[in-house]
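Inside the fold
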Amino acid sequence: MPLTRAQPATGTEDTETVAPAVDLVLGASACCLACIFTNPLEVVKTRLQLQGELQAPGTYHRPYRGLVASVAAVARADGLCGLQKGLAASLLYQSLMNSVRFYCYSLACQAGLTQQPGGTVVAGAVAGALGAFVGSPAYLVKTQLQAQTVAGMAVGHQHHHQSVLSALETIWRQQGLTGLWRGVGGAVPRVMVGSAAQLATFTSAKAWVHERQLFPPPGGGTEVEGSCRGQQPVPSPQWLPEDSWLVALVGGMISSVAVVAAMTPFDVVSTRLYNQPVDGAGRGQLYRGLPDCLVKIWRQEGPLALYKGLGPAYLRLGPHTILSMFLWDGLRTLARRGWHQDT
């Protein structure tokens, strides 16, 4: 069935949700569309996070300085097409990770779990963890491809892959099946935190916008105190319809701040774990795992290193969150309308 009804919590209205199989397609499509626009910032962010790896501040060469200068540096070194390095791997990752993530989250909505206190956070975290595990090989290749550049601008270890398929083949041949999931220990908490923050704050932000009527009609109504506490509401003009694109846009903007704040330290660690060189047994030569990476970065580069690339990270994760949530919400609205027209 295209639409199902989530079990409502006490005191809340019955709400329609899109079927999990439909959400799988819509969520993956929305995030892939957003990825096309934000991938250049992902390239810059990756290189900034690898720059000065395990070196004290001020002791290393900095070919990348700030967002604008870094974009120009990438374009000079790799050409304009270099700003879309790793795009195929990025799209593969977005499709794998988000299809699983949105499918699992939709299942939780269908079961009514998100109506329980803290349900959206838990559902978002679990869905994100499963999605991160499935998409980990694609993220591994994406990180390594985006780090590759000419010798004079290189930061981090250089893997010299030719394409997504050749990278997967090389890793499989040299490290075996488990090598494709190397670094997953950093990816799972990264996406757990980001997914929980994204889905929970987006849902809450949309509800908050409706309750506060942030876009009142000119000279129009105001919110009535107590209307959300079971008291009889006083009718007021409804400026924004429930499916207005402005509600989804504002929700995505609020959600993006929470995602970047919570996710950036884990993003730095994940980038380091995925890009590090490995020995003959497939073990990382720089870090033994998430805790070891966190400790080494803190001790050798300082705590602020966990927020390396914060500017590009926000300018990438911010628009990506806004676009993906906005597109996902819009596609779900179209799916609901199509179902209603059919019935």
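To be clear, the structure that these remarks concern was listed above.
Read on for a plain summary of the structure. (Residues numbered from 1 in each chain as written. Predicted model: local features only at pLDDT ≥ 70, side-chain atom pairs only at ≥ 80, totals over all residues. Heavy atoms only, no water.)

Let us now look at the overall build of the protein. A count of helical and extended segments in the protein gives nine helices and two strands. The helix and strand sequence of the protein, counted from the amino end, reads β-β-α-α-α-α-α-α-α-α-α. By element, 65% of the accessible surface of the protein is carried by carbon and sulfur atoms, the whole surface being about 16,000 Å². (Helix = DSSP H or I, 4+ residues; strand = E, 2+ residues; numbered from the N terminus. Areas by Shrake-Rupley, 256 points an atom, 1.4 Å probe, with all protein chains shown as cover.)

For the rest of this paragraph, the subject is helix α2 (residues 67-78). For an α-helix, the turn length of 3.6 residues means that residues three or four places apart are oriented alike. Here α2 spans 16 Å end to end across 12 residues, near enough to the 16 Å set by a 1.5 Å rise per residue. All of the buried residues in α2 are Ser70, Ala73 and Val74. Along α2, the residues classed as buried sweep out an arc of 100° about the axis, all on the same side. The exposed residues of α2 that point more than 90 degrees off its buried face are Val68 and Arg76. Buried residues in α2 make contact with α1 (20-50). (Expected span 1.5 Å × (residues − 1). Buried < 20%, exposed > 50% of the residue type's maximum accessible area, 1.4 Å probe, protein only. Arc of directions from axis to C-beta. Contact = heavy atoms within 4.5 Å.)

Quick look at empty space enclosed by the protein now. Across all of its chains, the model carries one cavity of 30 Å³ or more by this definition. Space inside the largest cavity adds up to approximately 250 Å³. Every residue lining the largest cavity is counted, 25 residues in all, and those nearest its centre are Met97, Met263, Arg316, Leu317 and His320. Of all the elements in the fold, those that place two or more residues in the lining of the largest cavity are α1, α3 (87-110), α4 (119-147), α6 (184-212), α7 (245-275) and α9 (310-342). At six residues, the largest contribution of residues to the lining of the largest cavity is made by α3. Considered class by class, the residues forming the lining of the largest cavity number nine nonpolar, 11 polar and five charged. (1 Å grid on protein atoms, 1.4 Å probe; cavity = no way out; pocket = protein on both sides within 12 Å on 5 of 7 lines; lining within 4 Å. Points joined across faces, edges and corners; volume = space filled by probe spheres on them. Nonpolar A, V, L, I, M, F, W, Y, C, P; charged D, E, K, R; others polar.)

Time to look at the side chain of Gln175. Here Gln175 lies in helix α5 (residues 164-175). Among the polar contacts made by the side chain of Gln175, one reaches the side chain of Arg182 at a distance of 3.4 Å. Non-local contacts of Gln175, meaning those with residues more than four positions away in its chain, are made with Arg182, Val278 and Gly282. (Polar contact = N/O pair within 3.5 Å; in protein donor to acceptor, adjacent residues only side chain to side chain.)

In this section: the layout of surface pockets. Roughly 170 Å³ of volume is contained in the second largest pocket. What lines the second largest pocket is a set of 14 residues, among which Arg182, Gln276, Tyr287, Arg288 and Gly289 lie closest to the centre. In terms of residue count, the dominant contributor to the lining of the second largest pocket is α6 (three residues). The class makeup of the residues in the lining of the second largest pocket is four nonpolar, seven polar and three charged.

If you walk through the whole model with that rule in mind, you get five aromatic pairs. Judged by centre distance (5.2 Å) and plane angle (45°), the ring pair of Tyr139 and Tyr274 falls under tilted. Note that Tyr139 is positioned in helix α4 and Tyr274 in helix α7, a separation of 135 residues in sequence. Assessed through its relative accessible area of 2%, Tyr139 is described here as buried. An aromatic cluster of at least three residues, connected via ring pairs, comprises Tyr93, Tyr139 and Tyr274. Taking NZ or CZ as reference, Arg101 lies 4.7 Å from the ring centre of Phe102, over its face. (Phe/Tyr/Trp six-rings, centres within 6.5 Å; stacked < 30°, edge-to-face > 60°. Lys NZ or Arg CZ within 6 Å of the ring centre and 35° of its normal.)

Interhelical geometry of α3 versus α4 gives an angle of 170° and a closest axis separation of 8 Å. One finds that α3 runs roughly antiparallel with respect to α4. Of the residues in the contact of α3 with α4, the class split is 18 nonpolar, seven polar and two charged. (Axes fitted to C-alpha atoms, helices over the stretch in contact; angles between N-to-C directions. Parallel < 35°, antiparallel > 145°, perpendicular 65-115°, else oblique.)

Side chains that differ in charge, positive against negative, can pair when their charged atoms come close. Tallied over the entire structure, the rule returns 13 salt bridges. Among the ionic pairs, Asp78 bridges to Arg47, the shortest N-O distance being 3.0 Å. Of this pair, Asp78 sits in helix α2 while Arg47 sits in helix α1; the two residues are 31 residues apart in sequence, bridging distant segments of the chain. Across the pair Glu301 and Arg272 runs a salt bridge whose closest N-O atoms are separated by 2.8 Å. One end of the pair, Glu301, is in helix α8 (residues 290-301); the other, Arg272, is in helix α7, with 29 residues separating them in the sequence. Looking at Arg272, the relative accessible area reads 0%, which means it is buried. (Salt bridge = Lys/Arg side-chain N within 4 Å of Asp/Glu carboxyl O.)

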